[in-house]
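This is what each chain is made of:
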Amino acid sequence: LELRGEIGGRIELIGLTWEDLENIDESMKLFTKGNKNRSTASTLLNHSSSRSHSIFIVDVAKTTMGFGHQLEAKAPKTVTGRLFLVDLAGSKRVKSSGVSGKAFK
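Since this is a predicted model, take the numbers as computed values, not measurements. (Residues numbered from 1 in each chain as written. Predicted model: local features only at pLDDT ≥ 70, side-chain atom pairs only at ≥ 80, totals over all residues. Heavy atoms only, no water.)

Concerning the overall build of the protein
Helices and strands together make up the secondary structure of the protein, namely three helices and six strands. Order of helices (α) and strands (β) in the protein, N terminus to C terminus: β-β-α-β-β-β-β-α-α. Looking at the protein as a whole, 10% of its 105 residues qualify as buried. Considering only intrachain contacts with a sequence separation of at least 6, the fraction spanning at least 24 residues in the protein is 41%. Just so you have it, the protein exposes about 9,300 Å², and 55% of that area is on carbon and sulfur atoms. (Helix = DSSP H or I, 4+ residues; strand = E, 2+ residues; numbered from the N terminus. Buried < 20%, exposed > 50% of the residue type's maximum accessible area, 1.4 Å probe, protein only. Contact = heavy atoms within 4.5 Å. Areas by Shrake-Rupley, 256 points an atom, 1.4 Å probe, with all protein chains shown as cover.)

A closer look at the environment of leucine 3
For leucine 3, the position within the fold is in strand E1 (residues 2-5). A relative accessible area of 59% places leucine 3 in the exposed class. A sequence separation of 10 residues divides leucine 3 from leucine 13, and the C-alpha atoms of the two residues are 4.8 Å apart.

Re the confidence of the model for the protein
Residue-level pLDDT values for the protein average 76, and 67% of them are 70 or greater. Put simply, helix H3 (residues 101-104) is where the protein has its lowest mean pLDDT, 52, and strand E6 (residues 77-87) is where it has its highest, 90. (pLDDT = per-residue confidence, 0-100.)

Comments concerning a negative patch on the surface
Together, Glu19, Asp20, Glu22, Asp25 and Glu26 make up a negatively charged patch on the protein surface. Examined against the element boundaries, aspartate 20 turns out to sit in the loop between strand E2 (11-14) and helix H1 (24-36). (Patch = residues over 30% accessible without salt bridge, like charges linked within 9 Å, V, L, I, M, F, W, Y side chains within 5 Å. Salt bridge = Lys/Arg side-chain N within 4 Å of Asp/Glu carboxyl O. Lys, Arg positive; Asp, Glu negative; His and termini not counted. Charge placed at Lys NZ, Arg CZ, Asp CG, Glu CD.)

Some words on the pairing of E2
Where E1 meets E2, four bridges bridge the pair, whose relative direction is antiparallel. The residue bridging glutamate 2 from the neighbouring strand is isoleucine 14, located in E2. (Pairing = 2+ DSSP bridges.)

Considering the environment of threonine 78
Inspection of the secondary structure assignment puts threonine 78 in strand E6. Classification of threonine 78 as partly exposed rests on a relative accessible area of 47%. Separated by 15 residues in the primary sequence, threonine 78 and threonine 63 place their C-alpha atoms 4.2 Å from one another. Ignoring anything within four residues of it in the chain, the contact list for threonine 78 reads Ala61, Lys62 and Thr63. Among the polar contacts made by the side chain of threonine 78, one reaches the side chain of threonine 63 at a distance of 2.9 Å. (Polar contact = N/O pair within 3.5 Å; in protein donor to acceptor, adjacent residues only side chain to side chain.)

Observations concerning H1
Taking 1.5 Å of rise per residue, the 13 residues of H1 would be expected to cover 18 Å, and the 18 Å separating its terminal C-alpha atoms lies within 8% of that figure. Looking at where H1 begins, the residue whose side-chain oxygen comes 3.1 Å from the main-chain nitrogen of aspartate 25 is asparagine 23. (Expected span 1.5 Å × (residues − 1).)

Points about the pattern of salt bridges
Considering all chains together, one arrives at two salt bridges under this definition. Between arginine 4 and glutamate 12 there is a salt bridge, with the nearest N and O atoms lying 3.1 Å from each other. Of the residues examined, glutamate 12 reaches a relative accessible area of 27% and is grouped as partly exposed. Here arginine 82 makes a salt bridge to aspartate 59, at a shortest N to O gap of 2.5 Å. Pair noted here: arginine 82 is in strand E6 and aspartate 59 is in strand E5 (residues 54-64), with a separation of 23 residues, a long-range link. The class for aspartate 59 is partly exposed, based on a relative accessible area of 46%.

Printed below as a string of structure tokens:
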């Protein structure tokens with residue numbers, strides 16, 4: 001992936017994809033698809049060690065209509081959250097894993 005600096009100090013990763021999903025099933029399908037695209041290699045410590053980084057970001061938003069006394073409508077209220085799932089390749093000790101050559105790079 002290519003890194004690009006932007007005005008204001010933000011950094012953008014070129015080549016990432018964002019998907020708008022409606023439910024957990026769609027999220028799990030996308031997670032599984034991304035996981036299948038990862039590079040893996042066998043090491044002494046792990047049969048299928050990941051050899052690539054993975055970042056899965058989940059943004060969740062819930063909007064509810066509120067009602068006050070006497071059931072008068074209140075403005076909608078939105079609650080949001082963000083979950084980061086990150087797996088960095090190569091986090092095992094190289095000497096213990098026995099990884100070398102192309103899998104090490």
